[in-house]
Amino acid sequence: RRVLHFPAVVFSAITLQVTLLPIVACIVAQLLQADAQFAASLILIAASPIATSANYYVLLARGDTALSVTLTALSNLVALVATPLVVPMSFQWLLHDDAIVRLPIALAMRQLLLGLLLPIGVGMMLRRFARDWTQRNRKYLQGGSVTLLVAIIGVVLADQADALAPGLARLAAATLLFTLASAGVGY
């Protein structure tokens, strides 16, 4: 229903994500004169579907959370087809490499189910069958989810600290440039 209610927003958001974000990643990689491994990482991140954490940020910003969930779900479904097409084209353009990208469909579907559909389904069921409880505890539920998100990010950073430390300045520059350019594209 959300797709039919906001067809232009959904179509443009998904199309821009699939087409322009990999181009933005290639431009950032060129600006930073990134080596092949770093450039390939930027391309893979840009070609990835919208993360479920985006829905939480939209909720905190008091945006249209239902539309955000719709975009996240569609982005994840489109990525099953788009990623294996977009990534090799980006590699060819930037790295002059004819890489073949094979997306592990079973793993992608499991991650889609566990990372997106299961939490959304549980949240929808809680709101439907325990509406009063969720309203009373909304502040605690939101606080708990922020705490969980920060903990997950902390665990990932701690786990990858040795790999991140040597290129932290370059990673920060790439993150800043990619985020600003992506926000500009979105705007």
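Here the structure is a predicted model, which is why all the values come from computation and not from measurement. (Residues numbered from 1 in each chain as written. Predicted model: local features only at pLDDT ≥ 70, side-chain atom pairs only at ≥ 80, totals over all residues. Heavy atoms only, no water.)

Some points on the overall build of the chain
Put simply, the rule is: For helices the rule is a DSSP run of H or I covering at least 4 residues; for strands it is a run of E covering at least 2, with both sets numbered from the N terminus onward. The buried label goes to any residue with under 20% of its type's maximum accessible area, the exposed label to any with over 50%, and the partly exposed label to all in between, with areas taken from a 1.4 Å probe on protein chains only. Pairs of residues are marked as contacts when any of their non-hydrogen atoms sit within 4.5 Å. For the area figures, the Shrake-Rupley method with a 1.4 Å probe applies, and any residue is considered shielded solely by the protein chains shown.
A count of helices and strands for the chain gives 10 helices and zero strands. The principal-axis extents of the C-alpha atoms in the chain amount to approximately 55 × 40 × 35 Å. Buried residues in the chain amount to 24% of all 187 residues. For the chain, the proportion of contacts with a sequence separation of at least 24, taken over those separated by at least 6, is 71%. Summed over its atoms, the accessible surface of the chain is roughly 12500 Å², and 69% of this surface lies on carbon and sulfur atoms.

A look at a nonpolar patch on the surface
What counts, and what does not: Grouping into patches uses exposed residues only, defined as over 30% relative accessible area, and leaves out salt-bridged ones; the cut-off is 9 Å for like charges and 5 Å for nonpolar side chains (Val, Leu, Ile, Met, Phe, Trp, Tyr). Salt-bridge detection follows one rule: a side-chain nitrogen of Lys or Arg within 4 Å of a carboxyl oxygen of Asp or Glu.
There is a patch of nonpolar side chains on the surface, built from Tyr57, Leu60, Val146, Val150, Ile153 and Leu157 and spanning about 530 Å² of accessible area. For the nonpolar patch, the secondary structure elements donating two or more residues are helix H4 (53-60) and helix H8 (138-159). The element best represented in the nonpolar patch is H8, accounting for four residues. Mapped onto the elements, Ile153 comes out in helix H8. We classify Ile153 as partly exposed; its relative accessible area is 41%.

A closer look at the packing of aromatic side chains
What counts is decided by this rule: Centres within 6.5 Å make a pair out of two Phe, Tyr or Trp rings, where for Trp the six-membered ring is used; the pair is then stacked when the planes are under 30 degrees apart, edge-to-face when over 60, and tilted otherwise. Both a distance and an angle decide whether a charge sits over a ring: NZ of Lys or CZ of Arg must be within 6 Å of the ring centre and within 35 degrees of the ring normal.
Per the counting criterion, the structure on display carries zero aromatic pairs. Sitting over the ring of Tyr140, Lys139 keeps its end group 5.7 Å from the ring centre. Here the basic side chain of Arg170 rests over the ring of Phe38, its NZ or CZ set 4.0 Å away from the ring centre.

Section: empty space enclosed by the protein
Rules: The pocket and cavity definitions rest on a 1 Å grid over protein atoms only: a 1.4 Å probe that fits but cannot leave marks a cavity, an open set with protein on both sides within 12 Å along at least five of seven lines marks a pocket, and residues lining either have an atom within 4 Å of a point. Grid points are joined across faces, edges and corners, and a volume is the space filled by probe spheres set on the points. Classification convention: Asp, Glu, Lys, Arg as charged; Ala, Val, Leu, Ile, Met, Phe, Trp, Tyr, Cys, Pro as nonpolar; all other residues, Gly among them, as polar.
Counted by the stated rule, this structure contains one cavity of 30 Å³ or more. In this structure, the largest cavity spans a volume of roughly 80 Å³. Lining the largest cavity are Gln17, Val18, Ala46, Ala47, Ser48, Pro49, Ser75, Val78, Ala79, Ala82, Thr83 and Val86. Mapped by element, the contributors of at least two residues to the lining of the largest cavity are helix H2 (7-31), helix H3 (36-47) and helix H5 (65-95). When residues in the lining of the largest cavity are grouped by element, the largest group, six residues, is from H5. When its residues are assigned to classes, the lining of the largest cavity shows eight nonpolar, four polar and no charged.

Re the confidence of the model for the chain
We apply this condition: Each residue gets a pLDDT score, which is the predictor's confidence in that residue and runs from 0 to 100.
In this model, the chain carries an average pLDDT of 81, and 91% of its residues clear a pLDDT of 70 or more. Within the chain, helix H1 (residues 2-5) has the poorest average pLDDT of any element, 74, and helix H7 (residues 131-136) the best, 88.

Things to note about the pattern of salt bridges
Under the counting rule described, the total for this entry stands at one salt bridge. The closest approach of N and O atoms between Arg170 and Asp35, which form a salt bridge, is 3.1 Å. With a gap of 135 residues between them, Arg170 in helix H10 (residues 168-186) and Asp35 in the loop between H2 and H3 connect regions that are remote in the sequence. Its relative accessible area of 39% is what places Asp35 among the partly exposed residues.

Here's the deal with a positive patch on the surface
Selection rule: Residues scored as positive are Lys and Arg, those scored as negative are Asp and Glu, and His as well as the terminal groups of each chain are ignored. Note that the charge is assigned to NZ on lysines, CZ on arginines, CG on aspartates and CD on glutamates.
A cluster of basic side chains, namely Arg62, Arg127, Arg128, Arg131 and Arg138, defines a positive patch on the protein surface. Among the secondary structure elements, Arg128 is positioned in helix H6 (residues 105-129). The class of Arg128 is exposed, set by a relative accessible area of 64%.

Section: H2
For the record, the criterion: Take the number of residues in a helix, subtract one, and multiply by 1.5 Å to get its expected span. Throughout, bend refers to the angle between the axes fitted to the seven residues that end at a position and the seven residues that start at it.
Taking 1.5 Å per residue, 25 residues should reach 36 Å; H2 reaches 35 Å between its end C-alpha atoms and fits that length. The largest bend in H2 amounts to roughly 35 degrees and is located at Gln17. Within H2, burial applies to Val10, Ile14, Gln17, Leu21, Pro22, Val24, Ala25, Cys26, Val28 and Ala29. Backbone geometry just after H2 places Gln33 at a positive phi near 50 degrees.

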